[in-house]
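# Summary of the model geometry
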Amino acid sequence: MANNPVSHHPNAIQISNLTFSHSPDSLLPALHNISLTLPRGSRTLLIGANGAGKSTLLQLLAGKRLLPNSSSVLVLGADVFTRTSARITFLGTEWAMNPVVRGDISVSHFLDSVGGYRHPERRDRLLDLLDVDLDWHMHRISDGERRRVQLVMGLMNPWDVLLLDEVTVDLDVLVRDELLKFLKEESESRGATILYATHIFDGLNTFPTHIIHMRLGEIVSVPLTWPLTYPPDVSLLTEDRNSVLNSGSTLHATALQWLKEDREHRRELERNGDRKLRGARRPKDNNEKVPIDAESFYRKYDYSRQY
């Protein structure tokens with residue numbers, strides 16, 4: 001670490017007024033005016049509905065997408081697009097679908113091919129922790145087992161910043177718990193930083209140091225220190241109040257409240273004509289037919305109908 005000039009920067013992640021669109025003709029940007037600072041050693045959860053911009057933000061931090069003004073995104077004090085650091089690790093769900101990693105190759109050969117022999121102690125600890133069989137063949141194992149191999153591969157090289165995009169979705173609860181303990185230990189012992197987007201909050205109450213609420217490509221508030229100094233207002237959760245209270249997870253309750261608020265906010269924008277309406281297309285009055293061209297076409301050739 002002493003040879004890495006950026007690793008001692010006080011802020012692990014710093015973003016200033018970031019706006020990003022996937023294409024020039026996008027009606028709405030995927031991210032709008034994002035500003036964010038995360039200190040070294042923090043463990044932060046990104047919380048938001050599907051499409052809130054969490055994955056896009058993580059991919060930008062990992063240098064996987066090019067920005068017109070790349071200086072607005074700094075990781076370990078450096079521009080990730082011109083000074084990529086080996087101490088930044090990104091793990092996302094798309095890896096397991098790559099045909100290269102689904103080929104007929106044993107796990108032992110696969111890990112050697114990506115440099116596992118350079119970090120034998122960390123590699124072997126992760127193999128034990130994630131319960132991986134070196135004799136597995138990548139094309140024969142389940143999605144969950146393939147995810148474990150991905151985690152061994154991604155974590156065996158010591159990292160200063162870890163960007164996780166829902167990579168625990170395939171893991172059983174025991175392996176996931178062991179992984180979270182390992183990540184927390186890495187953060188506390190080495191000052192490593194974790195930014196983690198997830199929709200699974202079971203067992204996470206004691207994991208994060210901060211939480212971030214994202215909505216429609218924006219950060220709703222600055223990173224909040226976890227646990228919050230105030231409890232979530234479960235009275236706002238109406239029909240789900242009992243299930244939230246019984247879940248035993250204040251993090252789950254907080255996330256559920258935020259997502260309910262997000263949906264209502266989005267629907268208000270839709271009612272005002274500021275966003276495209278989701279859901280079923282309903283006629284404005286009972287005499288108006290809903291124009292759905294695809295439905296008309298398929299109804300014409302629907303031979304299962306009774307005439």
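Preceding this section is the structure that the text describes.
Now for a look at the structure at hand. No experiment lies behind these values; they were computed from the predicted model shown.

### Here we look at helix α7 (residues 250–271)
With 22 residues, α7 should cover 32 Å at 1.5 Å per step; its first-to-last C-alpha distance of 32 Å lies within 8% of that length. By the burial criterion, the buried members of α7 are L251, A253, T254, A255, Q257, W258, D262, R266 and E270. Where α7 ends, the next residue or the one after it, G273, has phi of about 80°, a positive value.

### Topic: the packing of helix α4 (residues 143–155) against helix α5 (residues 173–190)
Interaxial distance between α4 and α5 falls to 12 Å at its minimum, and their mutual angle equals 10°. One way to sum up the angle between α4 and α5 is to call them roughly parallel. Facing R148, L151 and L155 of α4, the residues of α5 in contact are V175, L179, F182 and L183. Among the residues making up the contact of α4 with α5, the classes are represented as 6 nonpolar, no polar and 1 charged.

### Side note on unusual backbone geometry
Between W226 and P227 the backbone carries a cis peptide bond, its omega angle lying at 0°. Looking at the element boundaries, P227 is found in the loop between β11 (224–225) and α6 (241–247). With a phi close to 55°, L76 is a non-glycine residue in the positive phi region. Tracing the backbone through its elements, the reader meets L76 in the loop between β4 (73–75) and β5 (78–79). For E166, which is not glycine, the phi dihedral falls at a positive 55°. The exposure class assigned to E166 is buried, which follows from its relative accessible area of 12%.

### Quick look at the pattern of salt bridges
Where charged atoms of side chains with opposite charge meet at close range, the side chains can pair. For the structure on display, the rule yields 16 salt bridges. Of the charged contacts in the structure, one is a salt bridge between R215 and D262, with a shortest N-O distance of 2.7 Å. Of the two residues, R215 is situated in strand β9 (residues 210–215) and D262 in helix α7; the sequence distance between them amounts to 47 residues. Accessibility classification places R215 together with D262 in one group, the buried group.

### Some thoughts on α5
Given a rise of 1.5 Å per residue, 18 residues ought to cover 26 Å, and the 26 Å separating the end C-alpha atoms of α5 matches this to within 8%. Listed in full, the buried residues belonging to α5 are V175, R176, L179, L180, F182, L183, E186 and S187. Taken down its axis, α5 places every buried residue within 160° of arc, on the same side. Facing away from the buried side of α5 by over 90 degrees, the exposed positions are V173, L174, E188 and S189. Looking at the buried positions of α5, the neighbouring elements they touch are β3 (43–47), α3 (120–129), α4, β7 (161–165) and β8 (193–197). Regarding α5, its N-cap is D172, as a side-chain oxygen of that residue lies 3.1 Å from the backbone nitrogen of L174 further along. Looking one or two places after α5, you find G191, whose phi comes out positive at around 70°.

### Observations concerning the nonpolar core
Among the nonpolar cores identified, the biggest contains 43 residues, and L130, L155 and L183 are the most heavily contacted of them. Elements represented by at least two residues in this core include exactly β3, α2 (107–113), α3, α4, β7, α5, β8 and α7. Sort the elements by how many residues they give to this core and α5 lands first, with 5 residues. Residues within four places of L130 in sequence aside, it is in contact with R148, L151, V152, V175 and L179. Core analysis: the next-biggest nonpolar cluster, separate from the first, contains 31 residues, I13, L31, I34 and L61 among them.

### Quick word on the sheet that holds strand β1 (residues 11–20)
Taken in spatial order, the 4 strands line up as β2-β1-β4-β5 in an open sheet, and their pairing is antiparallel. The open sheet is flanked by β2 (31–39) and β5, the only strands paired with a single partner. The strands touched by helix α1 (residues 54–61) within the sheet are β1, β2 and β4, with β1 carrying the most contacts at an inclination of about 120°.

### Remarks on the packing of aromatic side chains
Within this structure, the stated rule accounts for 1 aromatic pair. Between Y196 and F207, the aromatic rings sit 6.4 Å apart at their centres with planes inclined by 90°, giving edge-to-face as the arrangement. Taken together, the positions of Y196 in strand β8 and F207 in the loop between β8 and β9 put the pair 11 residues apart, joining distant regions of the chain. Taking the relative accessible area as the measure of exposure, Y196 reaches 0% and is therefore buried.

### Concerning the pairing of β1
Relative to β2, β1 is paired through 6 bridges, and the arrangement is antiparallel. Bridged to I15 within β2 is L36.

Calculation criteria
- Residues numbered from 1 in each chain as written.
- Predicted model: local features only at pLDDT ≥ 70, side-chain atom pairs only at ≥ 80, totals over all residues.
- Heavy atoms only, no water.
- Helix = DSSP H or I, 4+ residues; strand = E, 2+ residues; numbered from the N terminus.
- Expected span 1.5 Å × (residues − 1).
- Buried < 20%, exposed > 50% of the residue type's maximum accessible area, 1.4 Å probe, protein only.
- Axes fitted to C-alpha atoms, helices over the stretch in contact; angles between N-to-C directions.
- Parallel < 35°, antiparallel > 145°, perpendicular 65-115°, else oblique.
- Contact = heavy atoms within 4.5 Å.
- Nonpolar A, V, L, I, M, F, W, Y, C, P; charged D, E, K, R; others polar.
- Salt bridge = Lys/Arg side-chain N within 4 Å of Asp/Glu carboxyl O.
- Arc of directions from axis to C-beta.
- Polar contact = N/O pair within 3.5 Å; in protein donor to acceptor, adjacent residues only side chain to side chain.
- Core = buried A, V, L, I, M, F, W, Y, C linked by side-chain atoms within 4.5 Å.
- Pairing = 2+ DSSP bridges.
- Phe/Tyr/Trp six-rings, centres within 6.5 Å; stacked < 30°, edge-to-face > 60°.

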